[in-house]
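# Understanding the architecture of this molecule
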Amino acid sequence: MKKFQIKKQQNGQWLVSHNEFPKFTYLFEDKKFNYRRTVTGLSDPSGDPEQIRLLQGMEKWLTDHHKDKING
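Since we're looking at a predicted model, the values are computed, not measured. All chains use their own residue numbering, which begins from 1 and follows the written sequence. For a predicted model such as this one, the threshold for reporting local features is a pLDDT of at least 70, and the threshold for listing and counting side-chain atom pairs is 80 or more; totals across whole chains, interfaces and linings nevertheless cover every residue. To get the side-chain values, take all heavy atoms of the structure and skip hydrogens and water.

## Notes on unusual backbone geometry
The residue after Phe21, namely Pro22, is reached through a cis peptide bond having omega -10°. Summarising the element assignment, Pro22 is placed in the loop between strand S2 (13-18) and strand S3 (24-29). Of note, the phi angle at Asn11 is positive, near 60°, even though the residue is not glycine. Helix and strand assignments follow DSSP, with helices taken as H or I runs no shorter than four residues and strands as E runs no shorter than two, numbered in order from the N terminus. Within the secondary structure, Asn11 sits in the loop between strand S1 (4-8) and S2.

## Here we look at the nonpolar core
To define a nonpolar core, start from buried Ala, Val, Leu, Ile, Met, Phe, Trp, Tyr and Cys residues and group those joined through side-chain atoms within 4.5 Å. Think of it in three bands: with a 1.4 Å probe and only protein chains considered, a residue is buried below 20% of the maximum accessible area for its type, exposed above 50%, and partly exposed in between. Core analysis: the biggest nonpolar cluster contains 13 residues, and Val16, Phe24, Tyr26, Phe28, Met58 and Leu62 have the highest contact counts within it. Every element with two or more residues in this core is listed here: S2, S3 and helix H1 (49-65). Examining the composition of this core, we find that 5 residues originate from one element, H1, more than from any other.

## A few points about the pattern of salt bridges
For this analysis, a salt bridge means a side-chain nitrogen from Lys or Arg found within 4 Å of a carboxyl oxygen belonging to Asp or Glu. A full pass over the atoms with the stated rule returns 2 salt bridges. Linking Glu50 and Arg53 is a salt bridge whose minimum nitrogen-to-oxygen distance equals 2.4 Å. One end of the pair, Glu50, and the other, Arg53, are both in helix H1, 3 residues apart, so they sit about a helical turn from each other. Residue Asp64 is joined to Lys60 by a salt bridge in which the shortest nitrogen-to-oxygen separation is 2.7 Å. With Asp64 and Lys60 both in helix H1 and 4 residues apart, this pair spans about one turn of that helix.

Nothing here speaks to function; it is geometry throughout.
Here's what the structure looks like:
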């Protein structure tokens, strides 16, 4: 199983799943990555250095592999 998985949702949104522990999801709106995002499954994604590192890894993966979805 891949570490990250991306799926298209309704209304131009994308759901990215982190499939390793800790499992969490990241919902963002098409071409508005920097403006609207929702993280589910992490306790404190803005204050815990380990969780920040995981989110930065996910954002890097999105930038490297799905730039068309996050940049308008």
